[in-house]
Amino acid sequence: MTRRLAEVAKKVGVSEATVSRVLNDKPGVSEATRQAVLSALDVLGYERPTQLRGERARLVGLVLPELQNPIFPAFAEVIGGALAQLGLTPVLCTQTKGGVSEADYVTLLLQQQVSGVVFAGGLYAQADAPHDHYKELADRNIPVVLVNAAIEHLGFPAVSCDDAVAVEQAWRHLASLGHERIGLVLGPGDHMPSARKLAAARSVAGDLPEERVARAIFSIEGGHAAATRLIDRGVTGIICASDPLALGAIRAARRKGLDVPSEISVVGYDDSAFMNCTEPPLTTVRQPIEAMGRAAVELLNAQIGGTAVPAEELLFEPELVVRGSTAQAPRA
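So, how was this worked out
By convention here, each chain's residues receive numbers from 1 onward along its written sequence. pLDDT decides what is reported in this predicted model: residues at 70 or higher carry local features, side-chain atom pairs at 80 or more are listed and counted, and totals for whole chains, interfaces and linings draw on all residues regardless. Computation of side-chain values covers all heavy atoms of the structure but excludes hydrogens and water. Secondary structure counts use DSSP, requiring at least four H or I residues in a row for a helix and at least two E residues in a row for a strand, with both numbered from the N terminus. Note on exposure labels: buried denotes an accessible area under 20% of the residue type's maximum, exposed denotes more than 50%, and partly exposed covers the range between, all computed with a 1.4 Å probe on protein chains only. Any pair of residues with heavy atoms lying within 4.5 Å of one another is described as a contacting pair. Accessibility throughout is a Shrake-Rupley quantity obtained with a 1.4 Å probe, and a residue counts as covered only by protein chains that appear here. For the purpose of counting charges, residues Lys and Arg are taken to be positive, whereas Asp and Glu are taken to be negative. His and the chain ends are not included. Positions of charges follow a simple convention, taking NZ of Lys, CZ of Arg, CG of Asp or CD of Glu. The term nonpolar core refers to a set of buried residues drawn from Ala, Val, Leu, Ile, Met, Phe, Trp, Tyr and Cys, joined through side-chain atoms within 4.5 Å. Only Phe, Tyr and Trp rings take part, Trp by its six-membered ring, and two of them pair if their centres are within 6.5 Å. Stacked means planes under 30 degrees apart, edge-to-face means over 60, and tilted covers everything else. If DSSP finds at least two bridges between two strands, the strands pair. Angular values range over 0 to 180 degrees, each being the angle between N-to-C directions of two axes fitted as lines to C-alpha atoms, with helices fitted over their stretch in contact. Residue count minus one, scaled by 1.5 Å, sets the expected span of a helix.

**Topic: the overall build of the protein chain**
Alright, step 1. Within the protein chain, the regular secondary structure consists of 11 helices and 12 strands.
Alright, step 2. With respect to the three principal axes, the spread of C-alpha positions in the protein chain is 80 × 40 × 35 Å.
Alright, step 3. When the 332 residues of the protein chain are sorted by exposure, 52% land in the buried category.
Alright, step 4. At a minimum sequence separation of 6, the contacts of the protein chain that also span at least 24 residues come to 70%.
Alright, step 5. For the protein chain, the exposed area adds up to about 15,000 Å²; of that, 51% sits on carbon and sulfur atoms.
Alright, step 6. Each charge class in the protein chain can be summarised by its mean position, and for the 31 positive and 38 negative side chains these summaries are 4 Å apart.

So, in structure tokens, the structure goes:
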């Protein structure tokens, strides 16, 4: 018991006597300090005293699909920082192939009595994926916020970058450079952000042949394979659904002996870390992750505080960032 008091006190920066008062539900401790002590108990893996177990912990699950794409650590940094400012502790849950599933993480988070969950990418964006764990969160009235496009009818608020505007910006940029044969590298067919991007491309292009659309898993290798198919079909400009896909597209062009950007132009999506340091520096469409991450936390905190938040989607405007991977279309 003494060791536990000392560890919690050190974690929070208060005296052991203050921790003892909180654990014994005694008066004389501010609400902020009380919540900090309870959060420290949860983080350090100690059980709360029986009389305090009815309360939800000041923990928030932050569920990410991966960490290899730099955009997800960037979201985690923004969201984690905004949660900490509110006295909430993020619990990072990252999926790995063959490891803990998203549904398993939800079960673990429910066992920890989290105050809410932010999903920054996940199965909610895939129409054909299992979604029962989202229903369980809804049934238990756990506050949830989704980041970026989700399937319909999940009933959670969301913050998203406007996929349609992103593609329109990228398409018009390439068209202004004289590109007429423009292709898309998108995610799987059931991926909602990719579906929105495809719809926007068809709208702005007027006529987009199916052969100009290539599907891929979200990785450099996936982008390489998909872009190879598009290059073989004669495209001169490629719009990708993520920056790693775009890096794969650049690699595909080089493997075919083509120069980027004089022979093939490539546009990414996200403007994740170090895209200005690639060779050539990547032209991409920037997601406003700072604004999106803070909005997600505001929506979650409102729910935690008991405010009814509509299950609506807030759309944020992307920004085209022109660098060195796009240029005038090659002359026929």
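The rest of the description comes next.
**With respect to the nonpolar core**
Alright, step 1. Core analysis: the largest hydrophobic core is formed by 89 residues, its most contacted members being F119, V147 and I238.
Alright, step 2. Counting residues per element, this core draws most heavily on helix α4 (residues 71-85), which supplies eight residues.
Alright, step 3. Setting aside anything within four residues of it in sequence, one finds I238 in contact with L174, G183, V185, A227, L230, I231, A249, I264, S265, V266 and V267.
Alright, step 4. Within the second largest apolar cluster, 11 residues are counted, among which are A9, V22, L23 and V37.

**Quick word on the packing of aromatic side chains**
Pairs of aromatic rings are described using the distance from one ring centre to the other and the angle between the two planes.
Alright, step 1. By the definition in use, this model includes three aromatic pairs.
Alright, step 2. Ring centres of F119 and Y124 lie 6.3 Å apart, and the angle between their planes is 70 degrees; on these two criteria the pair is classed as edge-to-face. Comparing F119 with Y124, the two get one shared label, buried.
Alright, step 3. On the numbers, 5.2 Å between centres and 65 degrees between planes, the contact of F119 with Y134 is edge-to-face. Of this pair, F119 sits in strand β3 (residues 116-119) while Y134 is found in helix α6 (residues 132-139), placing the two residues 15 residues apart along the sequence.
Alright, step 4. Overall, F119 belongs to the buried group, its relative accessible area being 0%.

**Describing the sheet that holds strand β10 (residues 283-286)**
Alright, step 1. Pairing is mixed in the open sheet, where six strands are placed in the order β7-β6-β8-β9-β10-β12. The outermost strands of the open sheet, each flanked by one partner alone, are β7 (213-215) and β12 (319-321). For this sheet, the mean inter-axis angle between neighbouring strands, taken without regard to orientation, is 20 degrees.
Alright, step 2. When strand β8 (residues 237-240) meets strand β9 (residues 265-270), the two strands line up parallel, connected through three bridges. By the bridge assignment, I238 is partnered in β9 with V266.

**Things to note about helix α9 (residues 220-232)**
Three- or four-residue spacings in an α-helix give side chains the same orientation, since the helix completes a turn every 3.6 residues.
Alright, step 1. End to end, α9 covers 18 Å across 13 residues, agreeing with the expected 18 Å (1.5 Å per residue, within 8%).
Alright, step 2. Regarding α9, the residues found buried are G222, G223, H224, A226, A227, L230 and I231.
Alright, step 3. Of the surrounding elements, those touching the buried residues of α9 are β6 (182-186), β7, β8 and α10 (243-255).
Alright, step 4. Immediately downstream of α9, the backbone of G234 shows phi near 95 degrees, a positive value.

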